[in-house]
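Take a look at the letters that make up each chain.
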Amino acid sequence: MPYTTAEILGMLNLFAKTELGRILVTLTTIVLTVLVVKFLQKRARMQGATDIARQRRNLVLAKNLVLLTAVILIGATWASKIAGAALSLAAVAGAILIVSKEFLLNLLGTAMLAISRPYRIGDFVEVESISGRVLDTDLIATTLAETMEGNQLTGHTVSIPHSILLVKPVRNLTATGRFTINMLPVAVHPNEDMHAQEQALLQAAIDICGSWIEEANRHFERLESRELVTLPSAEPRVLIELKTVKEYTFSLRYCCRPNERVKVEQAIIRQYLATRNAAPAPAADEE
């Protein structure tokens, strides 16, 4: 006698509540999760490199949603067993808490990351002595593409546990989005014409950055009105830092896109040096 659909579903439900059924459901969920994550990664690669940062953000969001769904499903499958185990493990709860302290701190750091959003995928951040571009975030850690001075990628990756977010400040070097403000220190010989060198450095910055200054100013104005913050102008500025009575340094403030900082900085330095080398040599120090 053939079984009805209701009877088949009832038998499957009873089977899913057995030990073997729970194990099969768990294994199936894990396999499907791995396949879905691999499919999402393959699909992201096939979309091309038109906007890598946006694609990576979407991929990380979709991956975390899939993982969260899998965890909830496995937890629901073993809920009754987990509840019973929790009662039997009450005597060793203190020891488990001590052992899992770092794990719990990482989860708290993840919660803080989700609430405060100090950085997003694609941002350049600095935590203590570690700096890099955010590649991935999960429930435990954030993965960075390590950078050195000037946001130059080193080719290495660094994993930062989220527990560090609870006790250490995070510096977001690209918090202003499409355009960022950067500082470039330039040493000046004490016998050189300070005004001429300042103008040469400022002119080099204007020549290199002039094509996007107006766009950057509009971007900063929109950001100011949306976030209720005060941002500096995108116009290049030269500040003087006095080291000693006979030693000073120019600090050039300029604006550019985050991923173009190294290229822009090098172009400004090269043009400034070309202008300075074309000028008369400074007089020798008097005895």
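Residues numbered from 1 in each chain as written. Predicted model: local features only at pLDDT ≥ 70, side-chain atom pairs only at ≥ 80, totals over all residues. Heavy atoms only, no water.

Colleague: Go over the UniProt feature "transmembrane region" (unreviewed entry) in the protein chain with me, naming the residues and quoting the values.
Modeller: Sequence positions flagged by UniProt for "transmembrane region" (unreviewed entry) are, in local numbering, residues 20–40, 61–79 and 85–108. End C-alpha atoms of residues 20–40 are separated by 30 Å, and the span's content is 100% helix alongside 0% strand. For residues 61–79, the helix share is 95%, the strand share is 0%, and the end-to-end C-alpha distance is 26 Å. (UniProt positions renumbered as here; feature names shortened; annotations may be inferred. Helix = DSSP H or I, 4+ residues; strand = E, 2+ residues; numbered from the N terminus.)

Colleague: So what's going on with the sheet that holds strand 4 (residues 152–161)? Which residues, and what values?
Modeller: With antiparallel pairing, 5 strands are arranged side by side in an open sheet as 4-3-2-1-5. With one partner strand each, in any of the chains shown, strand 4 and strand 5 (170–172) form the two edges of the open sheet. Strand-to-strand twist in this sheet, taken as the mean axis angle between neighbours without regard to direction, amounts to 40°. (Pairing = 2+ DSSP bridges. Axes fitted to C-alpha atoms, helices over the stretch in contact; angles between N-to-C directions.)

Colleague: Any chance you could break down the layout of surface pockets for me, citing the residues and the numbers?
Modeller: By volume, the largest pocket amounts to about 710 Å³. Taken together, 24 residues line the largest pocket, and the ones lying closest to its centre are Arg57, Asp123, Thr174, Gly177 and Arg178. Listing elements by their share of the lining of the largest pocket, those giving two or more residues are helix 3 (52–77) and helix 8 (213–227). No other element matches the 4 residues that helix 8 contributes to the lining of the largest pocket. Class assignment of the residues belonging to the lining of the largest pocket gives a composition of 7 nonpolar, 7 polar and 10 charged. Residue lining of the second largest pocket: 19 residues in total, with Val60, Leu61, Asn64, Arg117 and Thr137 positioned closest to the centre. When residues of the lining of the second largest pocket are traced back to their parent elements, those giving at least two are helix 3 and helix 6 (101–116). (1 Å grid on protein atoms, 1.4 Å probe; cavity = no way out; pocket = protein on both sides within 12 Å on 5 of 7 lines; lining within 4 Å. Points joined across faces, edges and corners; volume = space filled by probe spheres on them. Nonpolar A, V, L, I, M, F, W, Y, C, P; charged D, E, K, R; others polar.)

Colleague: Residue-level account of the pairing of strand 1 (residues 124–127), with values.
Modeller: Inspection of the sheet shows strand 1 paired to strand 2 (residues 130–137) by 4 bridges, in the antiparallel sense. Bridge pairing in strand 2 places Glu126 opposite Ser131. Hairpin connection between strand 1 and strand 2: a loop of 2 residues separates the two successive antiparallel strands, and Glu128 in this loop has a positive phi of roughly 55°. With 3 bridges joining them, strand 1 and strand 5 adopt antiparallel strand pairing. The residue of strand 5 that forms the bridge with Val127 is Val170.

Colleague: Lay out the nonpolar core in plain terms, naming residues and giving numbers.
Modeller: By size, the foremost hydrophobic cluster in this structure holds 24 residues, and its most contacted members are Leu201, Cys209, Phe250, Leu252, Tyr254, Val264 and Ile268. It is strand 8 (residues 247–256) that contributes the most residues to this core, 6 residues altogether. Discounting chain neighbours no more than four positions away, the residues touching Val264 are Ile208, Cys209, Trp212, Tyr254 and Cys256. (Core = buried A, V, L, I, M, F, W, Y, C linked by side-chain atoms within 4.5 Å. Buried < 20%, exposed > 50% of the residue type's maximum accessible area, 1.4 Å probe, protein only. Contact = heavy atoms within 4.5 Å.)

Colleague: I'd love a proper account of the pattern of salt bridges, names of residues and values included.
Modeller: Charged atoms that come close allow side chains of opposite charge to pair. Within the structure shown, the criterion is met by 7 salt bridges. A salt bridge links Asp136 to Lys63; the nearest nitrogen and oxygen atoms lie 2.8 Å apart. Of this pair, Asp136 sits in strand 2 while Lys63 sits in helix 3; the two residues are 73 residues apart in sequence, bridging distant segments of the chain. In terms of burial, Asp136 and Lys63 fall into one category: buried. In this structure, the salt-bridge partner of Glu215 is Arg178, at a minimum N-O distance of 2.3 Å. (Salt bridge = Lys/Arg side-chain N within 4 Å of Asp/Glu carboxyl O.)

Colleague: Requested: an account of helix 8, with residues and values cited.
Modeller: In this model, helix 8 (15 residues) spans 21 Å end to end at C-alpha, consistent with the 21 Å of a helix rising 1.5 Å per residue. Buried within helix 8 we find Ile213, Ala216, Asn217, His219, Phe220 and Leu223. One side of helix 8 holds all its buried residues, which, seen down the axis, span an arc of 160°. In helix 8, the exposed positions that point more than 90 degrees away from the buried face belong to Glu214, Glu221, Ser225 and Arg226. The secondary structure elements touched by the buried residues of helix 8 are strand 6 (180–188), helix 7 (194–209) and strand 8. (Expected span 1.5 Å × (residues − 1). Arc of directions from axis to C-beta.)

Colleague: Tell me about the packing of aromatic side chains, residues and numbers included.
Modeller: Tallying each qualifying case throughout the model produces 1 aromatic pair. Ring centres of Tyr248 and Phe250 lie 5.9 Å apart, and the angle between their planes is 50°; this geometry places the pair in the tilted category. Here Tyr248 and Phe250 have matching classes, each one buried. (Phe/Tyr/Trp six-rings, centres within 6.5 Å; stacked < 30°, edge-to-face > 60°.)

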